[in-house]
Amino acid sequence: MFDVIIVGSGPAGLSAAVYARRAGLSALVLEKNAMSGGQVLTTYEVDNYLGLPGIGGMELGTKFHEHAAGLGAEFTTGIVRAIEKTEAGFKIITTKKEWEAESVILAPGASHAMLNVPGEERLTGRGVSYCATCDGAFYRGKRVAVAGGGDVAVEDAIFLSRFVEKVILIHRRDTLRAAKSLQEQLFALPNVEILWDSVVTEIQGENRVEKITVRHLKQDSTEEISVDGIFIAVGIHPDTAFVEGLVPMDEQGYLIAGEDGVTQTPGIFAAGDARTKKLRQIITAVADGANAAISVQEYLNHDR
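A few points on the structure. (Residues numbered from 1 in each chain as written. Predicted model: local features only at pLDDT ≥ 70, side-chain atom pairs only at ≥ 80, totals over all residues. Heavy atoms only, no water.)

**Considering the environment of Thr 124**
At step 1: Mapping Thr 124 onto the fold places it in the loop between strand E7 (110-112) and strand E8 (128-129).
At step 2: A relative accessible area of 36% means that Thr 124 is categorised as partly exposed.
At step 3: As for Thr 124 and Ala 68, which are separated by 56 residues in sequence, their C-alpha atoms are 34 Å apart.
At step 4: Polar contacts involving the side chain of Thr 124 include one to the main-chain carbonyl oxygen of Glu 120, which spans 2.7 Å. (Helix = DSSP H or I, 4+ residues; strand = E, 2+ residues; numbered from the N terminus. Buried < 20%, exposed > 50% of the residue type's maximum accessible area, 1.4 Å probe, protein only. Polar contact = N/O pair within 3.5 Å; in protein donor to acceptor, adjacent residues only side chain to side chain.)

**Some thoughts on the sheet that holds strand E10 (residues 166-170)**
At step 1: Spatially, five strands are ordered E8-E15-E9-E10-E11 in an open sheet, and the strand pairing comes out parallel. Of all the strands in the sheet, just E8 and strand E11 (192-195) have a single pairing partner and so form its edges.
At step 2: The sheet contact formed by E10 and E11 spans four bridges and is parallel. Across the sheet, Val 167 pairs through a bridge with Val 192, a residue of E11.
At step 3: Strands in contact with helix H4 (residues 151-161) are strand E9 (143-147), E10, E11 and strand E15 (229-232); relative to E9, the strand with the most contacts, it is inclined by about 165°. (Pairing = 2+ DSSP bridges. Contact = heavy atoms within 4.5 Å. Axes fitted to C-alpha atoms, helices over the stretch in contact; angles between N-to-C directions.)

**Considering unusual backbone geometry**
At step 1: Phi at Asp 197 takes a positive value of approximately 50°, unusual for a residue other than glycine.
At step 2: With respect to the helices and strands, the residue Asp 197 is situated in the loop between E11 and strand E12 (198-204).
At step 3: In this structure, Asp 220 is a non-glycine residue whose phi angle is positive, near 55°.
At step 4: The exposure class of Asp 220 is exposed, given its relative accessible area of 56%.

**Description of the environment of Gly 141**
At step 1: When you line up the elements, Gly 141 lands in the loop between helix H3 (132-135) and E9.
At step 2: Sequence separation between Gly 141 and Val 164 is 23 residues, and the spatial gap between their C-alpha atoms is 4.3 Å.
At step 3: What Gly 141 contacts, discounting residues up to four positions off in sequence, is Phe 163, Val 164 and Glu 165.

**Quick word on the side chain of Ser 103**
At step 1: For Ser 103, the location among the structural elements is in strand E6 (residues 98-106).
At step 2: The class for Ser 103 is buried, based on a relative accessible area of 0%.
At step 3: Engagement of the side chain of Ser 103 in a polar contact is seen with the backbone oxygen of Asp 3, the distance being 2.8 Å.
At step 4: Those residues within four positions of Ser 103 in sequence are excluded, and the remaining contacts are Asp 3, Val 4, Ile 5, Phe 90, Gly 267, Phe 269, Val 296, Tyr 299 and Leu 300.

**Thoughts on the side chain of His 171**
At step 1: Looking at the element boundaries, His 171 is found in the loop between E10 and helix H5 (180-187).
At step 2: Contacts of His 171, omitting those with residues within four sequence positions, involve Gly 148, Gly 149, Leu 176, Arg 177, Leu 195, Trp 196, Asp 197 and Ser 198.

**Comments concerning the sheet that holds E12**
At step 1: Spatially, three strands are ordered E12-E13-E14 in an open sheet, and the strand pairing comes out antiparallel. Since the sheet does not close on itself, it has two edges, and those belong to E12 and strand E14 (221-226), each with one partner. Averaged over all pairs of adjacent strands, the angle between strand axes in this sheet comes to 25°, irrespective of strand direction.
At step 2: As paired elements, E12 and strand E13 (residues 211-216) share six bridges and run antiparallel to each other. Its bridge partner being in E13, Glu 202 is matched across the sheet by Thr 213.

Here's what the structure looks like:
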């Protein structure tokens, strides 16, 4: 029986583990993947984490894990299938084993949203990618497209422009949602073309991506564009289905909780990208984890 089980090992979960251990709580971190870090592991360069500009995502994720492990947090892998309320606290049912804890911090993160167009699923891994830093090196000297207009899409386009022949950024609106500093970098790149008011309607290719069909919304016209790959960065959705019915969520599936991480289900706390909030960044995830762990400490002290 642990004091707290933390579901998720991204920045929020690892921060929660650090603060839980500093509070003297026994903590188990349930990891879905073989490595801790969450989405930060797929980030080539982190330029906005306080005090560490330009640090690699893999390096930052490793440091987070080492910090939590060094304080005595325990780690195990497994996908959480369900969480059940018990007399003593909670039972966490994973694909490998069942665990028990007096409290739970949910930090499952979020997954990449899909375009849901013909050819996308079939060609995923064969020219369709959701991670430029993971797969970008395969397209050196080639033509690629990026779908999206937020920070991630623009960061992907900037990253890819360093070694591909051409980047075509496709955005459904006439202005980008990305940070101003990122937009300035993007607009200065000679090998980036932006297709405004446009959407990808189909991804084509026999065994790999060969071209995409783009619809220009204002002109109400379509064209086929030859590309060797397409990187999709059109948002995320929270990985919270496993606690549906146990923890209240908003219409998009985000866990309803304030800055303190307290949910409407006593003993369960939320942190990171899966929580309802305005800004989803590494630094806010880390803050979430700290707040949630302190809330757990207060909850357990009161309960005992």
